[in-house]
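Commentary on secondary and tertiary structure
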Amino acid sequence: MTGPADPAVGAARAAAILAPDLGPDLPAQVEAALAARHASQRPGQYLDPVSLASLIVSIASLAWTIYNDRRKQDPGPPPADSIARQVRITLRDQDVSLPPGTDRITEIVATEITRQHRSQE
């Protein structure tokens with residue numbers, strides 16, 4: 001169920017990259033969080049802010065939304081660091097309690113989303 005407008009690919013790739021540091025079960029946990037997100041049909045709402053897998057899925061959803069919004073304004077792909085910065089600002093504005101390492105997760109997710117787009121061109 002992935003496609004050009006689905007953050008699942010970015011979340012799954014980020015989980016695979018982060019797994020050596022954060023635990024080998026992380027990719028499976030992200031897949032479960034993605035399935036729960038799909039089943040609940042509540043995009044943009046945090047399923048479980050303390051859960052690392054849910055956090056990755058939430059960041060990927062937010063990053064993908066920011067990416068798509070920026071693409072509507074300027075057809076060129078926005079830089080990953082710009083997307084990551086906007087994700088951090090948005091999360092900070094929402095006053096969400098985030099675990100240590102969230103900045104790294106955000107950077108990896110943003111990089112994977114922009115990389116995914118480049119590979120589809």
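These numbers come from a predicted model, not from an experiment.

1. Overview of the overall build of the protein
In terms of regular secondary structure, the protein is built from five helices and zero strands. Secondary structure elements of the protein, listed N to C terminal, follow the sequence α-α-α-α-α. A buried classification covers 40% of the 121 residues belonging to the protein. Restricting to contacts in the protein with at least 6 residues of sequence separation, those with at least 24 account for 64%.

2. Let's talk about the nonpolar core
Membership of the largest hydrophobic core comes to 30 residues, with the highest contact counts inside it found for Val 30, Ile 56, Val 87 and Val 109. If you list the elements that add at least two residues to this core, you get α1 (8-22), α2 (26-40), α3 (52-73), α4 (80-93) and α5 (102-120). The greatest single-element share of this core, amounting to 11 residues, is contributed by α3. Residue contacts for Ile 56: discarding those within four places in its chain leaves Ala 11, Ala 14, Leu 18, Leu 26, Val 30, Ile 105 and Val 109.

3. Quick look at the packing of aromatic side chains
Two numbers describe a pair of aromatic rings. These are the distance of the centres and the angle of the planes. A complete count under the given rule lists one aromatic pair for this structure. Plain terms: the ring middles of Trp 64 and Tyr 67 are 5.3 Å apart, the flat faces sit at 25 degrees to each other, and that makes the pair stacked. Here Trp 64 and its partner Tyr 67 are both found in helix α3, three residues apart, which amounts to about one turn of the helix. Judged by relative accessible area, which is 5%, Trp 64 ranks as buried. Accessibility expressed as a relative area gives 2% for Tyr 67, which makes it buried.

4. Remarks on α4
End to end, α4 covers 20 Å across 14 residues, agreeing with the expected 20 Å (1.5 Å per residue, within 8%). Inspection of α4 places Ala 80, Ser 82, Ile 83, Ala 84, Val 87, Thr 90 and Leu 91 among the buried residues, and these make up the whole buried set. Remark: Asp 95 follows α4 within two positions and exhibits a positive phi of approximately 55 degrees.

5. Re the environment of Ala 60
Within the fold, Ala 60 resides in helix α3. The exposure class assigned to Ala 60 is buried, which follows from its relative accessible area of 0%. The sequence separation of Ala 60 and Thr 106 amounts to 46 residues, and the corresponding C-alpha distance is 8.0 Å.

6. A closer look at the pattern of salt bridges
As enumerated under the stated definition, the model contains three salt bridges in all. A salt bridge links Glu 107 to Arg 88, with the shortest nitrogen-to-oxygen separation between them at 2.6 Å. With Glu 107 in helix α5 and Arg 88 in helix α4, the pair connects residues that are 19 residues apart, well separated along the chain. Judged by its relative accessible area of 31%, Glu 107 falls in the partly exposed class. When its relative accessible area of 22% is taken as the criterion, Arg 88 is described as partly exposed. A salt bridge links Arg 115 to Glu 112; the shortest N-O distance between them is 2.5 Å. Placement of both Arg 115 and Glu 112 in helix α5 is noted, with a separation of three residues, approximately one turn of the helix. Under the relative-accessibility criterion, Arg 115 is labelled partly exposed at 41%. With relative accessibility at 5%, the residue Glu 112 sits in the buried group.

Rules and cut-offs
Residues numbered from 1 in each chain as written. Predicted model: local features only at pLDDT ≥ 70, side-chain atom pairs only at ≥ 80, totals over all residues. Heavy atoms only, no water. Helix = DSSP H or I, 4+ residues; strand = E, 2+ residues; numbered from the N terminus. Buried < 20%, exposed > 50% of the residue type's maximum accessible area, 1.4 Å probe, protein only. Contact = heavy atoms within 4.5 Å. Core = buried A, V, L, I, M, F, W, Y, C linked by side-chain atoms within 4.5 Å. Phe/Tyr/Trp six-rings, centres within 6.5 Å; stacked < 30°, edge-to-face > 60°. Expected span 1.5 Å × (residues − 1). Salt bridge = Lys/Arg side-chain N within 4 Å of Asp/Glu carboxyl O.

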